[in-house]
Amino acid sequence: MKTLVIAEKPSVAQDIVRALTPVTGAFDKHDDYFENERYVVTSAVGHLVEIQAPEAYDVKRGKWSFAHLPVIPPHFDLKPVDKTKTRLNAVVRQAKRKDVSALINACDAGREGELIFRLIDQYAGGGQPLGKPVKRLWLQSMTPQAIRDGFDNLRTDQQMQGLADAARSRSEADWLVGINGTRAMTAFNSRDGGFFLTTVGRVQTPTLAVVVEREEQIRKHIARDYWEVHASFLAEAGQYTGKWFNPDWKKDPDDADKRADRVWTQGQAQAIADAVRGKACTVTEESKPSTQASPLLFDLTSLQREANGKFGFSAKTTLSLAQSLYERHKALTYPRTDSRYLPEDYLKVARDTFQMLAGGEQRHLAPYARQALEQGYVKPTRRIFDNSKVSDHFAIIPTLQEPGQLSDAERKLYDLVVRRFMAVFFPSAEYQITTRITTASHEGQPYNFQSNGKVLVKPGWLAIYGKEADDEMEKKEGESSKSLVPVKPGEVVHNDGVDMKALRTRPPARYSEATLLGAMEGAGKWIDDDELREAMQEKGLGTPATRAATIEGLITEKYILREGRELIPTAKAFQLMTLLRGLQVEELSRPELTGDWEYKLAQMEHGRLSREAFMHDIAAMTERIVKKAKEYDRDTVPGDYATLATPCPHCGGVVKENYRRYACTGADGASAGCGFSFTKTPAGRTFSVEEAEQFVRDHKIGPLEGFRSKAGWPFVAELALVKDEETGNYKLEFDFGDDAKAEQTGEIVDLSGEPSVGPCPKCGAPVKAFGKSYVCEKSVPTEAQPVPSCDFKSGQVILQQPVEPEQMHKLLTEGKTDLLDKFVSMRTRRAFKARLVWSAEESKVNFEFEPREGGRKFPPRKTASATKKVASRAGGTGAGAAKEAKPAAAKKTAAKKAAAPKAAKAPRAGTLKPSPALAAVIGEGPFGRGEVMKLLWDYIKANNLQDPNDKRTIRADDKLRPLFGADSVGMFKLAGIAGGHLV
């Protein structure tokens with residue numbers, strides 16, 4: 001009988017196999033697993049299974065209402081993660097094998113690793129664990145010896161029960177709060193009709209609250225004038241400058257703008273300047289050495305912050321690049337880590353990494369790697385190697401595999417990690433810091449000016465950064481990186497000039513991704529309760545692996561806009577915070593919720609709190625949130641609301657904002673008003689105050705993006721304030737153009753003044769712009785033809801792509817437009833490029849995609865047909881309206897093609913010519929790039945050139961040596977080497 005080992009990632013499975021081979025025998029490699037006489041080793045790829053409510057409790061989005069809330073199922077079912085079903089089936093197949101008698105959980109050493117394994121085991125058992133004995137492999141280091149030691153000290157299933165309970169409870173609690181909170185807030189906001197999706201979550205909403213609160217501080221900030229007094233002083237050795245300060249100043253907790261060097265009246269600043277001007281001054285100074293150690297190794301959050309600050313990469317982009325460097329190039333260790341330390345047995349790995357860098361392709365860093373080895377910098381220190389600070393994973397460092405060809409962005413990130421890895425071993429930078437106080441006396445009163453100098457004596461780790469060293473220095477306020485001219489003891493200096501600088505206070509800066517990631521990481525610092533703060537000390541909001549996705553989710557849901565590097569909350573974000581405060585469910589927006597959970601989950605891990613008690617508390621909180629939203633039946637929610645400057649268009653009264661609407665409040669601003677009002681969230685999109693002001697002032701606004709139909713589809717529209725004939729007051733209406741009105745009312749249209757953009761492809765009559773469409777003159781009621789005889793119509797905007805008159809002219813006269821690049825798929829929400837073409841056979845306007853290399857169309861889809869129909873929503877119901885092809889139709893087409901006998905496919909003609917060195921191996925060509933790699937691998941395998949001890953190393957024979965320029969290379973470098981020999 002055999003034991004199945006389930007790792008969390010394929011790379012870990014390979015490490016386990018390499019570690020076990022010397023003690024248990026060689027493994028045979030299969031597609032999804034490794035096997036020898038004793039073990040079967042396979043892996044997940046993260047979460048393969050997720051929880052879901054049983055079918056009876058699953059309420060679809062279109063039926064979200066208070067009638068179905070709260071949703072608290074007695075148990076949770078499981079469902080496969082769609083993207084990884086194949087891998088799940090492969091793991092379950094091994095787990096169910098009759099010759100597999102026991103399981104070892106080798107997933108990452110933490111709460112999520114425990115959950116990943118437990119859900120797989122439960123899924124394989126059809127809802128209950130398989131019943132096979134389970135042991136736990138607990139690894140904090142991935143060296144072969146550490147893995148073997150882990151197998152010698154497996155933990156029992158009973159020992160891990162507390163962690164398993166905590167993992168499952170956290171997952172279910174997140175589901176209950178997220179689902180019920182989102183549906184309750186959505187139901188509350190959708191009670192007046194429509195569907196206004198309002199998502200909330202334990203991590204998402206407190207993160208949004210951080211951004212909203214900062215924006216509130218910015219809006220409430222009142223700029224105040226202040227002055228600084230700068231003076232220059234002449235000493236024997238030369239000139240230096242200083243800034244006046246008050247040595248008796250103390251920090252004011254109620255006024256963050258007050259500083260020791262700020263003067264709040266011009267008269268006082270002038271008095272200081274006059275008092276010191278031309279005076280002889282005394283000097284005192286203190287000079288002391290100072291050191292600065294390098295920053296710690298990177299975890300994911302610190303890497304994302306650094307890459308955002310240096311290169312402007314979003315957190316999502318940095319994670320994607322780091323994942324590519326880890327998975328594809330094997331150049332970095334696992335990136336989704338929250339540790340900045342290495343295991344204590346990784347000293348040899350660190351030295352080997354420096355050896356690789358010293359002799360590798362990173363020539364700009366190789367001298368520093370050699371210096372570190374020669375000077376013995378790579379040595380054990382708790383600042384780098386500390387098992388107690390290694391969690392599921394250790395810090396991000398370069399691997400022993402040097403990367404081949406990298407993109408520019410990958411290269412930047414790899415270089416960032418390599419420099420940080422090297423710097424942490426180098427000595428501290430050494431400075432000489434001088435603080436000089438220059439004092440002038442006037443009428444017995446001293447006036448003090450401070451000058452600071454900071455001189456780099458020994459660069460230490462900063463040498464690795466060269467010209468970028470200044471960016472790496474932690475400069476304290478007032479410090480200068482320049483030295484001061486020397487002053488002799490007892491020397492009297494003379495004031496050589498005074499300058500008063502008039503300045504204004506600034507509000508706090510908006511969050512960037514870098515600073516928001518830092519705020520999420522340190523969210524526990526804001527909690528007053530000592531126990532909760534301690535529980536969140538090393539957790540923060542979210543995990544390093546999920547923080548980027550949280551920020552991107554807030555942007556996707558239109559809670560936050562990204563402008564440059566700034567993150568700006570939208571009106572929808574302010575409305576959500578107002579709602580949570582008004583309903584008195586602010587716990588959803590506070591990090592204390594996470595702190596409370598972490599505290600209780602830690603107790604559960606140690607057996608001091610039962611899973612049942614924790615989940616009972618979560619259910620009670622969920623019921624309270626839903627109950628608050630259900631019972632709140634007043635028209636408004638308390639909040640800090642705006643008053644518009646533009647008067648009511650109907651009676652001239654004051655228009656004020658409340659939770660749901662902008663409404664007239666009469667001439668006094670405090671009465672029921674004339675009845676004029678309009679919703680703040682038409683079709684799920686929230687007006688900003690500025691937009692509402694413009695709308696009331698101009699009686700129209702748009703076109704605006706971000707509206708959603710009742711079915712959830714996004715659309716663009718203009719809005720208008722129009723007079724309602726029944727009430728005599730104004731009301732909000734969507735303005736889809738005159739063409740829609742003509743269709744509905746049959747009103748006669750005069751298009752005689754409109755220029756033609758071309759002949760109608762159906763009847764030859766002129767096609768003209770009308771409303772939001774291009775229409776055949778015979779498709780609308782006119783004086784000449786009251787009853788339309790044609791139905792050609794095509795939108796002026798199709799899937800968010802404007803169709804200019806020149807492009808419509810090309811479509812009508814030449815049969816197709818130019819390639820247009822701003823279409824956005826309604827199904828996938830992705831942008832794509834296409835031409836609009838007229839299909840005489842179908843009597844419709846269709847998409848035509850540009851052919852890509854390999855004959856594929858864009859965007860690539862397994863079931864995509866060659867052309868997709870343009871959405872009829874863009875142009876109405878006419879036969880010329882364009883429509884997206886449905887996936888089901890594409891599948892049918894694919895099925896038909898599969899059923900038909902295939903003709904032999906002609907090989908694609910290549911155009912790449914190999915260099916003489918490469919041609920000696922694969923022939924003269926020309927070839928396609930894929931063909932080159934196939935021929936190269938055919939040669940390697942035919943001549944048994946893979947190193948038998950390390951299959952990833954290719955040995956060079958006489959033909960390959962001129963190509964490689966070495967006796968052997970890593971297999972991952974082959975593509976880069978071949979690419980360099982192709983023209």
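Residues numbered from 1 in each chain as written. Predicted model: local features only at pLDDT ≥ 70, side-chain atom pairs only at ≥ 80, totals over all residues. Heavy atoms only, no water.

We now examine the confidence of the model for the protein. With 87% of its residues at a pLDDT of at least 70, the protein reaches an overall mean of 84. Note that residues 474–479 has pLDDT below 50 and, in this model, ten contacts with residues that lie over four places away or in other chains. (pLDDT = per-residue confidence, 0-100. Contact = heavy atoms within 4.5 Å.)

If you trace the six strands once around the closed barrel, you get S10-S11-S14-S13-S12-S15, paired in antiparallel fashion. This sheet shows a mean twist of 35° between the axes of neighbouring strands, independent of strand direction. Examined bridge by bridge, strand S11 (residues 238–245) and strand S14 (residues 445–458) share three bridges and lie antiparallel to one another. Residue pairing for S14: Phe-245 is matched across the bridge by Asn-448. (Pairing = 2+ DSSP bridges. Helix = DSSP H or I, 4+ residues; strand = E, 2+ residues; numbered from the N terminus. Axes fitted to C-alpha atoms, helices over the stretch in contact; angles between N-to-C directions.)

At their nearest, the axes of helix H2 (residues 85–95) and helix H3 (residues 111–124) sit 10 Å apart, and the two run at 70° to each other. On the basis of their axis angle, the class for H2 and H3 is roughly perpendicular. Along its contact with H2, which presents Leu-88, Val-91 and Val-92, the element H3 presents Ile-120, Tyr-123 and Ala-124. Of the residues contributing to the contact of H2 with H3, the split by class is six nonpolar, no polar and no charged. (Parallel < 35°, antiparallel > 145°, perpendicular 65-115°, else oblique. Nonpolar A, V, L, I, M, F, W, Y, C, P; charged D, E, K, R; others polar.)

We now examine the nonpolar core. Core analysis: the biggest nonpolar cluster contains 83 residues, and Met-185 and Leu-208 have the highest contact counts within it. It is helix H5 (residues 161–189) that provides the largest number of residues to this core, a total of ten residues. Beyond its immediate stretch of four places on either side in the chain, Leu-208 contacts Leu-554, Tyr-559, Ile-560, Ala-573, Leu-576 and Met-577. (Core = buried A, V, L, I, M, F, W, Y, C linked by side-chain atoms within 4.5 Å. Buried < 20%, exposed > 50% of the residue type's maximum accessible area, 1.4 Å probe, protein only.)

Moving on to the environment of Asp-496. Within the secondary structure, Asp-496 is located in strand S15 (residues 493–504). With 264 residues separating them along the chain, Asp-496 and Ser-232 place their C-alpha atoms 5.3 Å apart. Those residues in contact with Asp-496 that lie beyond four places of it in its chain are Ser-232, Phe-233, Leu-234 and Gln-239. A distance of 2.6 Å separates a polar atom in the side chain of Asp-496 from a polar atom in the side chain of Gln-239. (Polar contact = N/O pair within 3.5 Å; in protein donor to acceptor, adjacent residues only side chain to side chain.)

As a further point, take the side chain of Asn-452. By the secondary structure assignment, Asn-452 is in strand S14. Of note is the side chain of Asn-452, whose polar atom sits 3.4 Å from the side chain of Gln-450.

Cis geometry marks the peptide bond from Leu-69 to Pro-70; its omega dihedral reads -5°. Here Pro-70 shows up in the loop between strand S5 (49–52) and strand S6 (77–80). Phi is positive for Lys-330, close to 55°, though the residue is something other than glycine. Mapping Lys-330 onto the fold places it in the loop between helix H9 (315–327) and helix H10 (347–359). Backbone geometry at Glu-443 places phi at a positive 55°, although glycine is not the residue there.

This part takes up the packing of helix H1 (residues 10–24) against helix H4 (residues 144–152). It is at 9 Å that the axes of H1 and H4 come closest, and there the two elements cross at 75°. As judged from the angle between their axes, H1 and H4 are roughly perpendicular. Between H1 and H4, the residues in contact are Asp-15, Ile-16, Ala-19, Leu-20, Pro-22 and Val-23 and Pro-144, Ile-147, Arg-148 and Phe-151, respectively. The residue inventory of the contact of H1 with H4, partitioned by class, reads eight nonpolar, no polar and two charged.

Relative to the helices and strands, Arg-97 is located in the loop between H2 and strand S7 (100–106). Taking relative accessible area as the criterion, Arg-97 reaches 18% and is therefore assigned buried. Polar side-chain contacts of Arg-97 include one of 2.6 Å to the side chain of Glu-35. A polar contact is formed between the side chain of Arg-97 and the side chain of Asp-99, at a distance of 2.9 Å.

Okay, the packing of aromatic side chains next. Aromatic rings in a pair are described by how distant their centres are and how their planes are angled relative to each other. The full count for this structure, using the stated rule, is 27 aromatic pairs. Between the aromatic rings of Phe-354 and Phe-425, the centroid separation amounts to 5.4 Å while the plane-to-plane angle is 90°, which identifies the pairing as edge-to-face. Note that Phe-354 is positioned in helix H10 and Phe-425 in the loop between helix H12 (408–423) and strand S13 (429–442), a separation of 71 residues in sequence. An identical accessibility class is assigned to Phe-354 and Phe-425; each is buried. Accessibility expressed as a relative area gives 6% for Phe-425, which makes it buried. (Phe/Tyr/Trp six-rings, centres within 6.5 Å; stacked < 30°, edge-to-face > 60°.)

A few words on the sheet that holds strand S18 (residues 655–657). Reading across the sheet, the three strands line up as S18-S19-S20 and stay open at both edges, with antiparallel pairing between neighbours. If you trace the sheet from one side to the other, it starts and ends with S18 and strand S20 (677–679), each paired once. If you compare each strand with its neighbour and ignore which way they point, the axes differ by 15° on average. Bridge count between strand S19 (residues 661–664) and S20: three bridges; the pairing is antiparallel. Opposite Tyr-662, over in S20, you have Phe-678 as the bridge partner. Seen against the sheet, helix H20 (residues 689–698) touches S18, S19 and S20 and runs at an angle of roughly 135° to S20.

On to the pairing of S13, then. Alignment of strand S12 (residues 280–292) against S13, held across eleven bridges, turns out to be antiparallel. Within S13, the residue paired with Ser-287 across the bridge is Thr-434. Here 13 bridges tie S13 to S14, and the two strands are oriented antiparallel to one another. Residue Tyr-431 lies in a different strand from S14, and its bridge partner there is Leu-456.

A few words now on H2. Each α-helix winds once per 3.6 residues, and so residues spaced three or four apart point in a common direction. What H2 keeps buried is the set Leu-88, Ala-90, Val-91, Val-92, Gln-94 and Ala-95. Its buried side turned inward, H2 meets strand S1 (2–7), strand S4 (39–43), S5, S6, S7 and H3.

Turning our eyes to something else, we now look at the pattern of salt bridges. Summed over the entire model, instances satisfying the criterion amount to 53 salt bridges. When the shortest N-O distance is used, the salt bridge between Glu-114 and Arg-136 registers 2.6 Å. Of this pair, Glu-114 sits in helix H3 while Arg-136 sits in strand S8 (residues 134–136), and the two are 22 residues apart along the sequence. On the basis of relative accessible area, Glu-114 is assigned to the buried category, the value being 1%. (Salt bridge = Lys/Arg side-chain N within 4 Å of Asp/Glu carboxyl O.)

What follows deals with the pairing of strand S31 (residues 831–839). It is a general feature of regular strands that their side chains alternate between the two faces of the sheet. With three bridges connecting them, strand S30 (residues 820–824) and S31 associate as antiparallel partners. Each residue of the ladder has a partner; that of Phe-823, found in S31, is Phe-832. What sits between the antiparallel neighbours S31 and strand S32 (residues 844–848) is a turn of four residues, in which Ser-843 has the positive phi angle 55°.

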